[in-house]
Amino acid sequence: MSHFGSLAFAAATAIAAWQSPRVHRAPNPHAELVVVLEQPRHLGGFLGNSGSVAPLPGGRFCVSDTSSGRVLLIGSDGTRLASSPAMFEAPAALALSPSCDSVYLADATGHALHRLSLPDLSPICSTRPVEGARGLCYPAGLAVSPRDGRVFVSDKGNHRVVCYDAALSVELFSHGRCGGGEGELNSPSGLALLGGGGAEEERLVVADTDNHRLVLLGSEGGFVRSIGGRSDAPPPGLSEPEFLEWLSSRGAAQSGAVRLTEPSGVAVTAAGRLLVSERASGVWHLLAPDGGRGGAG
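Residues numbered from 1 in each chain as written. Predicted model: local features only at pLDDT ≥ 70, side-chain atom pairs only at ≥ 80, totals over all residues. Heavy atoms only, no water.

Draft legend 1. The arrangement of the sheet that holds strand β17 (residues 213–218) in detail. The strand order β15-β16-β17-β18 describes an open sheet built from four strands, whose pairing is antiparallel. Each of the sheet's edge strands pairs with one partner strand only, and the pair in question is β15 (188–195) and β18 (223–228). The sheet shows a mean angle of 20 degrees between the axes of neighbouring strands, direction not considered. Relative to strand β16 (residues 202–208), β15 is paired through six bridges, and the arrangement is antiparallel. Residue Leu-191 lies in a different strand from β16, and its bridge partner there is Val-206. (Pairing = 2+ DSSP bridges. Helix = DSSP H or I, 4+ residues; strand = E, 2+ residues; numbered from the N terminus. Axes fitted to C-alpha atoms, helices over the stretch in contact; angles between N-to-C directions.)

Shown next as structure tokens:
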């Protein structure tokens, strides 16, 4: 089996992609497996710095090729099947549409989202700046709802998450502003969708990188809870007894808590657990949806 053929068997697929780990979800129920790849030599002739991968049915997958400004469609044997025009500034995160007939791309320094058709990777539509509205700034992570096709993007430079319709023409809602409290984010990165089966509400999992936590949002953008996170300073104006009480409660609260450092990638495994990668350390965390620890690597 080729390096990339193993992607077809991954329920949660990861690439330690040339600089930092990124995590991606592969829609395959047969195994719970993490595949970590280095740049395969047989693709070196046309693949430069890869920013993201999106597995497709049949073992094919799309790759964003950062150095050439393109998206590539690769066969299960490593053969290049198609290439988009070299029209993107820094193609990064990818996410498939529910029907797998198109792929969404976040162009980080182009500050835009694009939808490309499959299998030819021709452009379909893009986000457009709206006069008087705040545009995207370094979009970093993508997730697409299998239920209704809505597109979620982490708007890293604006410290928020934005939800668009499938045509990228309407901004349905946004969540976040710069900060570390409820309703606030600090350089959000990876995204993943949790639940959504039957009548269960979808929840969006956000890697809130510079707040060292995950944030769970409801399907309409409301805050649900956070996992991890830490505060290294007490609230201002505490008396000595109040400070000692704060210190005691902080230690008790963190004694069994998950401690994340710069989480950047997040995926949901076939068993419904959260797989999280840390940007700087390369550590992987396997967590229950309620934040309980399932393992680290």
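Here the narrative resumes.
Draft legend 2. Highlighting the sheet that holds strand β14 (residues 171–175). Strand order in this open sheet of four strands is β11-β12-β13-β14, and the pairing throughout is antiparallel. Each having just a single partner strand, β11 (139–144) and β14 make up the two edges of the open sheet. For this sheet, the mean angle separating the axes of adjacent strands, direction not counted, is 20 degrees.

Draft legend 3. The arrangement of the pattern of salt bridges in detail. Under the criterion given, the structure shown has seven salt bridges. Among the ionic contacts, a cluster of salt bridges with common partners joins Asp-148, Arg-150 and Glu-220. (Salt bridge = Lys/Arg side-chain N within 4 Å of Asp/Glu carboxyl O.)

Draft legend 4. Local environment of the confidence of the model for the protein chain. Residues of the protein chain with pLDDT of at least 70 account for 68%, and the chain-wide mean is 76. Within the model, the stretch residues 1–48 combines pLDDT values under 50 with 118 contacts to residues more than four positions away or in other chains. Confidence over residues 250–255 falls short of pLDDT 50; this stretch has five contacts with residues more than four positions distant or in other chains. (pLDDT = per-residue confidence, 0-100. Contact = heavy atoms within 4.5 Å.)

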